[in-house]
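Architecture and fold: a report
These are the residues of each chain, in order.
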Amino acid sequence: MINIAVMGYGTIGSGVVKVIDINGESIAKKVGEELNVKYVLDLRSFPGDPIEEKVVHDVDIILNDPDVKIVVETMGGVKPAYDFVKRALLAGKSVATSNKELVAKHGTELLEIAQEKNINFLFEASVGGGIPIIRPLNQCLTSDEIYEITGILNGTTNYILTKMAKEGAEFDDVLKQAQANGYAERNPAADIEGFDACRKIAILSSLAYGSMVDFEDIHTEGITNISAVDFKYAAKLGRSIKLFGTSKKKDGKYFALVAPVMINENHALFAVNDVFNGILVKGNVVDQVMFYGRGAGSLPTASAVVADVIEAAKNLNNNMMKPWKAEKLALSDISEDTKKFFVRISGVAEDKKAEVEAAFGDAEYITIDGLEEFAIITPVMSEAEYKAAAAKVDGIINMIRIEE
Ligand code: HSE
């Protein structure tokens, strides 16, 4: 029997206990031994819950128990998760976590400790919920030079954007549904302002490019400026609006960005709707690989955590994930990156055409009956050129980048 402890009995932690309960027999066959949840650490007690007797409130009970070989961290946030996880690793216990904030901020150090101790620090569930993406990047796509990762990496915002597009739903109502479904972060600003997707693309990029990508270096925009009117234009254009986290190597430079984008139906991520996430990885020999599945929610995310526990149990004294280099990857300013831009402008298109053309050159115009505004799609230009052009036009309402 292999004893584990679960730190944090919220949406994911309770899912972990459930998954081990539902699939205990088949998991035992895969591990070669039964997995036993010996402790659940939480500030709360859970009277009447099957784990009631296992609840502890003092982390030292877990850290000082040599019988506990693997610790699951599903508390979220950096404090006190970082301290608990670091101490667990230093005590020789492998750790499986779903905590993207922790991995993005302290992953380098925690991977290094696990390597020194010849144990494992695993974080499959930190990106893409139930989608296998960390292990594929670490084990399956290793013969490639990866030059781009583009993903819909946040289930909550994808759920909101899908409902806005398909049902014309209001932002706040859909956010409440996402929270009720257990998709949203405790502070939903992390979802809707793009911070969660930012941490996830930083983790994937660190793995893919082999050097630490600092999430604080990534230009991040959320979806709070996206409105029902944007979706009217998107529908007219046969396009969709998604929140992308992307990083790419172009002409020897690395760029990373989290922002809403307009994509057309030929884009591989066009059909990724609701809480689902999709991650497109491009490599110089494999070409393109796509990963798809539920990006949030209790059981799908717990599925990935428990898969890590199984891996750790099968490799108790065998470190499987080498750390990425601690040296920061230098990201270039996105102002050098080029694309087309969708821009909404107040007023009448005919009246403003000269002003718009003088600033943006030859643009495509889109009008919708009944609106006192119009939109354009600019020619391909750099972010810096876009900014300079936009400053010359009065009445810009919103801009969304276009990804082909
Ligand atoms: N709030 C996150 C999301 C949870 O919506 O994607 C999964 O990381």
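Everything quoted here is computed from the prediction, not taken from an experiment.

Quick notes on the packing of aromatic side chains
The relation between two aromatic rings is expressed through the spacing of the ring centres and the mutual angle of the planes. Under the criterion given, the structure shown has ten aromatic pairs. Centroid distance Y209 to Y254: 5.0 Å. Interplanar angle 55°. Geometry classified as tilted. Linking Y209 in helix α10 (residues 195–209) with Y254 in strand β11 (residues 253–264), this pair joins segments that are 45 residues apart in sequence. For the pair formed by Y209 and Y254, the shared burial category is buried. Ring plane angle 20° and centroid distance 6.1 Å describe the contact between Y365 and F374, whose orientation is recorded as stacked. The class of Y365 is partly exposed, set by a relative accessible area of 23%. One aromatic cluster is present, formed by F121, F123 and W324 through successive ring pairs.

Focus: the environment of E364
Considering the arrangement of structural elements, one finds E364 in strand β16 (residues 364–366). Since its relative accessible area comes to 43%, E364 is described here as partly exposed. E364 sits 29 residues away from S335 along the chain, and the two C-alpha atoms are 22 Å apart.

Observations concerning the sheet that holds strand β6 (residues 121–122)
One open sheet holds the six strands; their spatial order is β3-β2-β1-β4-β5-β6, and the pairing between them is parallel. Each edge of the open sheet is held by one strand with a lone partner, namely β3 (55–56) and β6. As paired elements, strand β1 (residues 2–7) and strand β2 (residues 35–41) share six bridges and run parallel to each other. Looking at the pairing, I4 lines up with V37 of β2. Docked against the sheet, helix α1 (residues 11–22) engages β1, β2 and β4 (68–73), running at close to 155° with respect to β1. Sheet contacts for helix α12 (residues 298–314): β1, β2, β4, β5 (94–97) and β6; angle to β4, the most-contacted strand, approximately 160°.

Examining the domain arrangement of the protein
By a frequent convention, interface size equals the accessible area lost on bringing the separate parts together. Each assigned domain of the protein is listed here: domain 1 (2–129 + 298–323), domain 2 (136–292) and domain 3 (334–403). Each of domain 2 and domain 3 has a C-alpha centre, and the two are 23 Å apart. If you look at the interface, domain 2 gives 26 residues, while domain 3 gives 22 residues. Counting across the domain 2 and domain 3 interface gives five salt bridges.

Here's the deal with the pattern of salt bridges
All told, the structure shown has 24 salt bridges when counted by the stated rule. A salt bridge links D83 to R87; its shortest N-O distance comes to 3.6 Å. You can see D83 and its partner R87 sitting in helix α4 (residues 81–90), four residues apart, about one turn around the helix. We classify D83 as partly exposed; its relative accessible area is 38%. We note a salt bridge from E148 to K282, for which the minimum N-O separation is 3.6 Å. Within this pair, whereas E148 is found in strand β7 (residues 146–152), its partner K282 is found in strand β12 (residues 276–283), the two being separated by 134 residues in sequence. Overall, the relative accessible area of 16% leaves E148 in the buried class. Within this structure, E221, K248, K250, D337, K339, E383 and R401 form a network of salt bridges that share partners.

Examining unusual backbone geometry
With an omega dihedral of 5°, the bond running from K79 to P80 counts as a cis peptide bond. The topology assignment puts P80 in the loop between β4 and α4. A positive phi angle, close to 50°, is found at D251, a residue other than glycine. With respect to the helices and strands, the residue D251 is situated in the loop between β10 (239–250) and β11. According to the relative accessible area criterion, D251 is exposed, its value standing at 76%. Positive phi, close to 70°, is recorded for D287, a residue that is not glycine.

So, how was this worked out
- Residues numbered from 1 in each chain as written.
- Predicted model: local features only at pLDDT ≥ 70, side-chain atom pairs only at ≥ 80, totals over all residues.
- Heavy atoms only, no water.
- Phe/Tyr/Trp six-rings, centres within 6.5 Å; stacked < 30°, edge-to-face > 60°.
- Helix = DSSP H or I, 4+ residues; strand = E, 2+ residues; numbered from the N terminus.
- Buried < 20%, exposed > 50% of the residue type's maximum accessible area, 1.4 Å probe, protein only.
- Pairing = 2+ DSSP bridges.
- Contact = heavy atoms within 4.5 Å.
- Axes fitted to C-alpha atoms, helices over the stretch in contact; angles between N-to-C directions.
- Domains from an automatic or database assignment.
- Salt bridge = Lys/Arg side-chain N within 4 Å of Asp/Glu carboxyl O.

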